[in-house]
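What the coordinates show
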Amino acid sequence: MNNTKRRMDLVLLPIVLLAAFLNGYGIWNDQYANSYYTTAVGSMLSNFHNFYYASLDSAGSVTVDKPPVVFWIQTAFAYVFGLHGWSVILPQVLAGIGSVLLIYFMVKPTYGLAAARISALTLATVPVVAAVSRTNNIDSMLVFTLLLGSWFLFKGSKQGSAWRILVAFGLIGLAFNMKMLQAYMILPAFYLFYLLAFQAKWRRKIILLIGSTAVLAVVSLSWAVTVDSIPEDERPYIGSSETNSVMELAFGYNGLSRLTGQQNTSGNAGMPNAAGQGNNRGNRGDSTSAPNQTGSGAPGTGQGVNAPDNDSMNGSNGMNAMGGMNGPNGNFPNDMEMPNGRNFGSNGGGGMGGMFGTGEKGPLRLFQTELSGQASWLLPVVLLGCIAIFAGLRRRNITNKHKEALFWLAWLLPVAAFFSVAGFFHQYYLIMLAPPIAALTGAGYVAMWKLYRERIGWQAWLLPVSVLLTTLFGWYIMQVYNDTIGVGWSISELIAGILVTVILVVMLRRTHRWKQGFIVAGFVVMLIGPIYWAFTPITYGGNSMIPAAGPTGSNSMFGGAGMGMTMGNGAEGTEMPSTGGRGGMGNRNEEVDIATLNYLKEHNTGETYLFATTDYNQAAPYIIDEKASVITLGGFSGSDPVYTTEQLEQLVKSGQVKYFMVGGMGGRGGNSDISDWIKEHGTEIPTSEWQTGTDSGSTDSGGAGNRAGFGFGGQTTLYEVKL
């Protein structure tokens, strides 16, 4: 009992509680979270077919754009607690807390208690970690899984345990089935550390490495190969893929395309007025096989397919396509320029660079205003801390401290290099930087602490210099937002940093009982900015679809630049609605229209599905809140070639569906063949009969069809199709 008490670290408890608060406070206010994924969870609850494939809709027609493992976990939570925004967010909250504990227990054995505490506190307060962990996006669970694999790698290498090494690589394979190639970003660190640290003869080491790689490959590709081997008319269409293939999705859209930024035309497909690009997707040529729409199958092959997904609002072309967001003269406000002067056209870092606030490509991209507030705050202390760790390195004296520091560097540097040149990513992907930054901050600060205390030459100056540079960088990040948060925060960190630095310099050659207290104060001062930023998703509101930290993080689709801007070319234009708190564009979180629900139920004559829609946003509240059976005709953007007109005809003739909603975000739908077929064979229902708040007898495209719930300038028409 006494030994247990000695092993308990009471300082860790408030750190964990802080992480729990940052990750979990207020999640009960998020009605749908990221409705794209929550809709899939609602569909997955209905039957095993939808569960296994992570189907977006009730019919098992099309999958979401990511593998299913995280959605399996979210579905399990929704099964236990009911389907709510908070219940699908809760797994990520727990994963964020688990990551803090894992980093603590990974750092402590080698670098000591102080380093472990610093690392845990750092990870808990990395702003992007807090922003992502309070949503149902995948990345928090991904990072937890990667850290768990790293923990097994550390244990296995130190103990010479083969089974732990196999488990470590198997967990990376499991992470692949969460977010595909993003999980492989830490493989350089895994292979390097294994070769340096695993205690065994080289023959055994190589054999085990080959076996571990085989486990990695088998676990990684198990679901993808299984799904791709199933006939296409017996499974859903693979959402956002070009060839209805999981493998292509993994290594194309969710792989190489993230680096190059050269998305296929899916970036525009399905977006309003997308120059007709989305219309071509619906032409599936020789695909005539009808899907089995009883929950056991979906459409056949599609050719020339584009791939929109939860991330797919692409570059400058994507913005030009967004007719539903244009001003009166068809121009985006400020001629494609952000309100505070940030251009998000072709010069914004390539591909997705400007539009999603990811800055310009280059070696200093992580230090630019657009990205620095997410995870970069402590990079100066990481840099100087690594100098302190490796200062005493000798060829024949490579210790565990050096090996583990190399592991974290081999995680950090390739990931940082990727995000410095990548063409297509969101700010919240930077959560991948958080674990190595946290570990190296703890290890490095303690190393500098020791050098400072022992007054070892020039190395003793690393600590005060790190405090000064880090607080200066924190001031640089915050001062951009002085108009929003006030000048007090940035000036306070700057003044406190300079003051503590001066005190540390003065005390360098002296002995004083407060010396250690000022060393601790130096670290606390460096955390002023990160902690404030980590609280911003709570204090300023978050964005469940594209989360980001910062005072304007709720508008993070546009890189944190406020979206309370004016549409059109004049000051009197139409104000663009804020997206704070309940999701950004593409996550409009419509709510159930009771009049619509009642009409569809009253006029249902035994059809399996309440209605079919070209816009998943229209289906989302009915699937989530009402547990209704709804078909989405085209995946995320409405442009996946899920159905042909022949298949729709078969659905109607077989009595599975008769009502179709067409329209949404500025006419979002993408597949003109499908929309034209519905309009040709359907009877338009007057809006006064099925929508709330419409004028009697109105059948035009205004009124409720243009209400905010249907997007910017969008309209929705209900058709009844009888054949």
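From N to C terminus, the protein includes 28 helices and five strands. Going through the 723 residues of the protein one by one, you find that 62% of them count as buried. Total accessible area on the protein is roughly 26000 Å²; 58% of this is exposed by carbon and sulfur atoms.

This brings us to the packing of aromatic side chains. Counted by the stated rule, this structure contains 45 aromatic pairs. Summarising the aromatic geometry, the rings of Tyr194 and Phe198 are spaced 5.1 Å apart at their centres and angled 20 degrees between planes, so their arrangement reads as stacked. Residue Tyr194 is classed as buried on the basis of its relative accessible area of 0%. An angle of 65 degrees between the planes, with centres 5.3 Å apart, marks the rings of Trp377 and Trp533 as edge-to-face. One end of the pair, Trp377, is in the loop between α15 (369–375) and α16 (379–390); the other, Trp533, is in helix α23 (residues 528–539), and 156 residues separate them in sequence. Like Trp377, the residue Trp533 is buried in the burial classification.

Okay, helix α18 (residues 434–454) next. Because each turn of an α-helix spans 3.6 residues, side chains separated by three or four positions end up pointing in the same direction. If you check α18, its first and last C-alpha atoms are 30 Å apart, about what 21 residues at 1.5 Å a residue would give, namely 30 Å. Across the 21 residues that make up α18, a large majority, 17, are buried. Phi turns positive, to about 55 degrees, at Arg455, one or two residues after α18.

The geometry of helix α9 (residues 139–159) relative to helix α10 (residues 162–179) is characterised by a closest axis approach of 7 Å and an angle of 165 degrees between their N-to-C directions. In terms of orientation, α9 lies roughly antiparallel with respect to α10. Here the hand of the crossing between α9 and α10 comes out left-handed.

Right, let's get into the environment of Leu83. Within the secondary structure, Leu83 sits in the loop between α5 (69–81) and α6 (85–111). When the C-alpha atoms of Leu83 and Thr38 are compared, they prove to be 8.3 Å apart, with 45 residues separating the residues in sequence.

Looking now at the pattern of salt bridges. What the rule picks out here adds up to seven salt bridges. Across the pair Lys158 and Glu404 runs a salt bridge, and its minimum N-O distance is 3.0 Å. Highlighted residues: Lys158 in helix α9 and Glu404 in helix α17 (residues 400–421), separated in sequence by 246 residues.

Inspection of the secondary structure puts Thr471 in helix α19 (residues 462–479). Its relative accessible area of 0% is what places Thr471 among the buried residues. Separated by 54 residues in the primary sequence, Thr471 and Val525 place their C-alpha atoms 7.2 Å from one another. In this structure Thr471 touches Glu493, Gly497, Val525 and Met526, once residues within four positions along its chain are discounted. Reaching out from Thr471, the side chain makes a polar contact with the backbone oxygen of Val467 at a distance of 2.7 Å.

Bringing the nonpolar core into the picture now. As a rule of thumb, soluble globular proteins bury nonpolar side chains together. If you look at the biggest cluster of nonpolar residues, it comprises 163 residues, and the most contacted ones within it are Trp408, Trp411, Met432, Tyr445 and Ile678. Each residue touching Tyr445, except ones within four places of it in the same chain, is listed here: Ile118, Val381, Leu440, Leu463, Val467, Ile519, Gly522, Phe523 and Met526. Counting 16 residues, the second-largest nonpolar core is a separate cluster that includes Leu597, Leu610, Ile623 and Ala628.

Moving on, we come to a nonpolar patch on the surface. A contiguous nonpolar patch, built from Trp461, Val465, Leu469, Leu472 and Val505 and spanning about 370 Å² of accessible area, is present on the exposed surface. In terms of residues, the nonpolar patch owes the most to one element, α19, which gives three residues. Considering the arrangement of structural elements, one finds Trp461 in the loop between α18 and α19.

For the protein, per-residue confidence averages 82 on the pLDDT scale, and residues scoring 70 or more make up 77% of the total. Ignoring residues within four places in sequence, the model shows residues 265–354, a span with pLDDT below 50, making 287 contacts including any to other chains. Contacts of residues 696–713 to residues separated by more than four positions or lying in other chains number 43 contacts, the stretch itself having pLDDT below 50.

Most of strand β5 (residues 715–721) sits inside the fold, with six of its seven residues counted as buried. Summarising the sheet, strand β4 (residues 682–684) and β5 pair through three bridges and their orientation is antiparallel. Pairing of Gly682 across the sheet is with Val721, part of β5.

Calculation notes
Residues numbered from 1 in each chain as written. Predicted model: local features only at pLDDT ≥ 70, side-chain atom pairs only at ≥ 80, totals over all residues. Heavy atoms only, no water. Helix = DSSP H or I, 4+ residues; strand = E, 2+ residues; numbered from the N terminus. Buried < 20%, exposed > 50% of the residue type's maximum accessible area, 1.4 Å probe, protein only. Areas by Shrake-Rupley, 256 points an atom, 1.4 Å probe, with all protein chains shown as cover. Phe/Tyr/Trp six-rings, centres within 6.5 Å; stacked < 30°, edge-to-face > 60°. Expected span 1.5 Å × (residues − 1). Axes fitted to C-alpha atoms, helices over the stretch in contact; angles between N-to-C directions. Parallel < 35°, antiparallel > 145°, perpendicular 65-115°, else oblique. Left-handed = near helix turned anticlockwise from the far one by under 90°. Salt bridge = Lys/Arg side-chain N within 4 Å of Asp/Glu carboxyl O. Contact = heavy atoms within 4.5 Å. Polar contact = N/O pair within 3.5 Å; in protein donor to acceptor, adjacent residues only side chain to side chain. Core = buried A, V, L, I, M, F, W, Y, C linked by side-chain atoms within 4.5 Å. Patch = residues over 30% accessible without salt bridge, like charges linked within 9 Å, V, L, I, M, F, W, Y side chains within 5 Å. pLDDT = per-residue confidence, 0-100. Pairing = 2+ DSSP bridges.

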